[in-house]
Amino acid sequence: MALRKKTRRKITYITIFIILCICVKLFLSNLDNLDFEIDMNTGTNYREDNIIINNGNDLVLNYCDISIGLVDIDTFNPILTKNSDVIKFSQLVYNSLFDYSKNMDLVTELVDTYNYNDNDLYIKLKKDIYWHDGNRLNADDVTFTINMIKEHKGIYYDFVKNIDTVEVIDDYTVKLTVFDKSILTEYDLVFPIISSKYYEGEDFKNTDKNMQPMGTGMYKFVENIDKQFLFTYNSKLKEKTQVSNITVIDYSSISEAYAGIKNKKVDMIFTSLTNYDEFIGKIGYSKEEYIDNTYMFLAVNIANKYLNNLEVRKAINIGLDKQSIFNDIHNGLGYVSQSLIYPHSYLYKNIDVNYDIDRAKQILIDSGLTNQVNLNLLVNSSNEKNVLVANNIMEQLQKINVKVNVVKKNSKEYLEGLEKGNYDLALVNFNISNNINMKMFEDNAYDSVFNFENVTFKNYISNIKDTDTYIDRKQNFANMQAMILEELPYIGIGFMKETVIFSADLLGVTDLRYNNLFINFSEFYKK
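Bear in mind that the values here come from a model prediction, so they are computed numbers and not experimental data.

## What about the overall build of the protein chain?
Link 1 in the chain: Secondary structure assignment for the protein chain yields 12 helices and 23 strands.
Link 2 in the chain: Looking at the protein chain as a whole, 50% of its 527 residues are labelled buried.
Link 3 in the chain: The long-range share in the protein chain, meaning contacts at least 24 apart out of those at least 6 apart in sequence, stands at 68%.
Link 4 in the chain: Of the roughly 25500 Å² of accessible surface on the protein chain, 47% is carried by carbon and sulfur atoms.

The following block contains the structure:
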């Protein structure tokens, strides 16, 4: 009898073991099919065991939700918005034809291949890109986007100025005919692409869909409740993430956004103000500064009898304590640079210019300029910070026997003065493009403020545009930057910095780039 009970017990254990093995096998065989989905009709999140799996790869554990505060959202349509906060956030919703790597080299995003034939740029799109509504990206979307940018002349209008016409060749091929092929238009095709079908039959400017963005990017829109916009991870992508949901909070003012950080109601905000600590204090949050693409420099009118002398330009250059300009006026938020190449770019060559007031004085004396040098400095009176910078420069140069008269003009008169060369020195803030054609240095080029005629320098610019290889291009840029330091066609001050402020619980927010603050988004997580 006891033997029968033991036998029965063994059979039971064996049966349970077999059932468990079958269950484990079934679970493992279905693991690749687990997904994180959104029901677009109900807005419901579907999740399996707090795990996000991207096509069976890049297992992401310990997911988190974060909130981002934007100020005064006008529209989420990137073609229409005038809000820089929206443009920053749109990197998470949309993709562009091309993008920039961390070292600012051009990389393809939606583009498979591209090539030039005279003035025609042929672009073939990747065929596995889908909009958040399930439709496939095609050539119509690219032509629609470019035409809308041209029609509405928004933030990205300068990016398409060199495009004459855009034509669909087939479902995945677009032909862009450009005015000037030397401009290397592909470097400007970094704007978000929007869906033509999504806006079909809609009033593009006024449709409600502009507050319900639909892209091909990492996060897709779910719903808007009381100016809080929910976005969830687009699980069809292969990109890894530790953030499953993002809530965008629309604040009516930057002071409200600061209060959101201070009261721990929001995880992240963007600010260009340098005195933010006056609003939120100095503790209880984290911050990450990044170099913006706004370059501040002194334009030099070479026609001036003093500034035509290279030694005078050298004296001014080393007689200015540029770091103190950023420290005193911009709360330290600046990166001193004589080169106007973006510092994170693989083309950037660090050029050290040491502040030396005694040497600056001696250079002027050795040049026979024993009497005071008198110069007018043009500044835009509507830019209060720049007026302060101009006054700071005036005080500094007085110490090397250069008298500066600060000439304040309103925006219209200031721009006219730059265009006509009615200045000796002019304080300029210039938004540097990543386009490597360096058009700004050429005679009669748009936005040019450089009166520089050195033939060798012009040859460097020409060589840059004609160079295809990475090594040769880098060398040509190094030569150009060395000549800038040698000839000083302008007096560089440096790049402005801006700040991302975020909660102390949010980690991984490092090594940012002005053109994509979320370039390291896969590293963001909450502790």
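## A short note on the packing of aromatic side chains
Link 1 in the chain: Under the defined criterion, the tally for this structure stands at 26 aromatic pairs.
Link 2 in the chain: Between Tyr-295 and Tyr-490 the ring centres are 6.2 Å apart and the planes differ by 90°, which places this aromatic pair in the edge-to-face class. Taken as a pair, Tyr-295 in strand 16 (residues 285-300) and Tyr-490 in strand 21 (residues 490-503) lie far apart in primary sequence, 195 residues in all. Side by side, Tyr-295 and Tyr-490 carry an identical accessibility label, which is buried.
Link 3 in the chain: A ring pair is formed by Tyr-295 and Phe-495, whose centres lie 4.8 Å apart and whose planes are at 55°; its orientation type is tilted.

## A few points about the pairing of strand 16
Link 1 in the chain: For strand 16, a buried count of 12 out of 16 residues is recorded, marking the element as mostly surrounded by other parts of the structure.
Link 2 in the chain: Inspection of the sheet shows strand 16 paired to strand 21 by 12 bridges, in the antiparallel sense. The residue bridging Glu-288 from the neighbouring strand is Val-500, located in strand 21.
Link 3 in the chain: Bridging between strand 16 and strand 20 (residues 425-431) involves 7 bridges; their strand directions are antiparallel. Across the sheet, Phe-297 pairs through a bridge with Val-428, a residue of strand 20.

## Quick look at the confidence of the model for the protein chain
Link 1 in the chain: Confidence in the prediction for the protein chain averages 86 pLDDT; 82% of positions are at 70 or higher.
Link 2 in the chain: By mean pLDDT, strand 2 (residues 44-46) is the weakest element of the protein chain at 33, and helix 3 (residues 139-152) is the strongest at 98.
Link 3 in the chain: Within the model, pLDDT remains below 50 along residues 24-61, and this stretch shows 65 contacts once partners closer than five positions in the same chain are excluded.
Link 4 in the chain: Every residue in residues 443-447 scores below 50 in pLDDT, and together they form 7 contacts with partners more than four places removed in sequence or on other chains.

## Some words on the environment of Ser-67
Link 1 in the chain: Topologically, Ser-67 is positioned in strand 5 (residues 64-71).
Link 2 in the chain: For Ser-67, a relative accessible area of 10% gives the class buried.
Link 3 in the chain: The contacts of Ser-67, once residues within four sequence positions are left out, are Thr-247, Ile-249, Lys-265, Val-266, Asp-267 and Met-268.

Reading the values: the criteria
- Residues numbered from 1 in each chain as written.
- Predicted model: local features only at pLDDT ≥ 70, side-chain atom pairs only at ≥ 80, totals over all residues.
- Heavy atoms only, no water.
- Helix = DSSP H or I, 4+ residues; strand = E, 2+ residues; numbered from the N terminus.
- Buried < 20%, exposed > 50% of the residue type's maximum accessible area, 1.4 Å probe, protein only.
- Contact = heavy atoms within 4.5 Å.
- Areas by Shrake-Rupley, 256 points an atom, 1.4 Å probe, with all protein chains shown as cover.
- Phe/Tyr/Trp six-rings, centres within 6.5 Å; stacked < 30°, edge-to-face > 60°.
- Pairing = 2+ DSSP bridges.
- pLDDT = per-residue confidence, 0-100.

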